[in-house]
Amino acid sequence: GMIRLLVVAPGGSEEVLEAGHLLLATGRRPNIDDIGLEQAGVELLHGRIVVGPNLRTSNRHVYVCGDAAGGHQFTHVAEHHAGVVLKNILFHLPARVEERVIPWCTFTDPELARVGLSEREARQSDIAHRVYTFPFTDIDRAQTDDETDGFVKILVTPGGRLLGAAIVGPHAGELIHEYALAMAENVRLSSLSGMLHVYPTMAQINRRVAQAYRREALTPGVKKWLKRLFALRGRLDEAVGEI
């Protein structure tokens, strides 16, 4: 009566997983049948409620929030929707749904978290960008906890603005918020690379990957000048993030 799944890794190694049940995540469909939306003048399109950026429907007295509003179907987005609706209804503030900076996390092992653009989306939109990565294997806390699988990848404009970030690794859902704040407030990567992080923590990886951008930004002339000034003797790459 067990369900057996054969997993083949890219290298050819095989592993068999056994379980009593198989859960299929097939998506969600709003439960809006027979509740009188047509009589209320609420417009529908392909079985979904049509809403504006302030979550108001075609009936100005009716708002929608949560999964029924479409878009990103996350619990934290539904909470954000509720705040938008309350601001519009109770306080008559022109609140709108945040669409640009929405972090999310898939709680697998290791966790997968993301915010902003992916590398593929940036290429498809022809957006100039640079990519930097840093592995958890080089983070002391990850070594101590024996959780070194994964890495951080960030997408940055040539001018140092963050376009997106992805984290595969331990506590990715916690670590992604630093990048979400940086994107929301248009913080430059140079500020992130210079921010103090508690040692030893997993969050240090956010600073380390930002320092990779700073190292690349140095011109050969500046590197030569710094090397002579600090007598680093080949250790410039390790120290430039601290300068």
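Before reading further, recall that the structure is shown in the block above.
Residues numbered from 1 in each chain as written. Predicted model: local features only at pLDDT ≥ 70, side-chain atom pairs only at ≥ 80, totals over all residues. Heavy atoms only, no water.

J.: Before we go on, may I ask you to explain the nonpolar core in this structure?
T.: One broad rule of soluble globular proteins: the nonpolar side chains tend to lie buried together. Grouped together as the largest cluster of nonpolar side chains are 30 residues, with contacts concentrated most on V115, I154, L162, I167, Y179 and L189. Those elements that place two or more of their residues in this core are β6 (111–116), β7 (130–135), β8 (151–156), β9 (162–169), α4 (172–184), α5 (189–194) and α6 (204–217). Other than its neighbours up to four places away in sequence, I167 contacts E111, L112, A113, F136, F151, V152, A172, L175, I176, Y179 and N206. One finds V42, I49, L55 and V64 within the second-largest nonpolar core, a separate group that totals 12 residues. (Core = buried A, V, L, I, M, F, W, Y, C linked by side-chain atoms within 4.5 Å. Buried < 20%, exposed > 50% of the residue type's maximum accessible area, 1.4 Å probe, protein only. Helix = DSSP H or I, 4+ residues; strand = E, 2+ residues; numbered from the N terminus. Contact = heavy atoms within 4.5 Å.)

J.: Help me out: how do you make sense of a nonpolar patch on the surface in this one?
T.: Together, L86, I89, L90, F91 and L93 give the surface a local cluster of nonpolar side chains, amounting to about 500 Å² of exposed area. Topologically, L90 is positioned in helix α1 (residues 75–90). Taking the relative accessible area as the measure of exposure, L90 reaches 54% and is therefore exposed. (Patch = residues over 30% accessible without salt bridge, like charges linked within 9 Å, V, L, I, M, F, W, Y side chains within 5 Å. Areas by Shrake-Rupley, 256 points an atom, 1.4 Å probe, with all protein chains shown as cover. Salt bridge = Lys/Arg side-chain N within 4 Å of Asp/Glu carboxyl O.)

J.: Which parts of the structure should I look at to understand α4?
T.: In an α-helix, one full turn covers 3.6 residues, which means residues spaced three or four apart are oriented alike. Over its 13 residues, α4 extends 19 Å from the first C-alpha to the last, a length consistent with the 18 Å expected when each residue adds 1.5 Å. Those residues of α4 not exposed but buried are A172, G173, L175, I176, E178, Y179, A180, A182 and M183. Where α4 terminates, the next one or two residues include N186, which has phi positive at roughly 55°. (Expected span 1.5 Å × (residues − 1).)

J.: Would you take a moment to explain the pairing of strand β1 (residues 3–8) for this structure?
T.: Remember that side chains alternate between the two faces of the sheet whenever the strand is regular. Across six bridges, β1 lies against strand β2 (residues 14–19) in antiparallel orientation. Its bridge partner lying in β2, V8 is registered against E14. Hairpin connection of β1 to β2: five residues between the antiparallel strands, including G12 at a positive phi of 105°. (Pairing = 2+ DSSP bridges.)

Function cannot be inferred from these measures alone, as they are strictly geometric.
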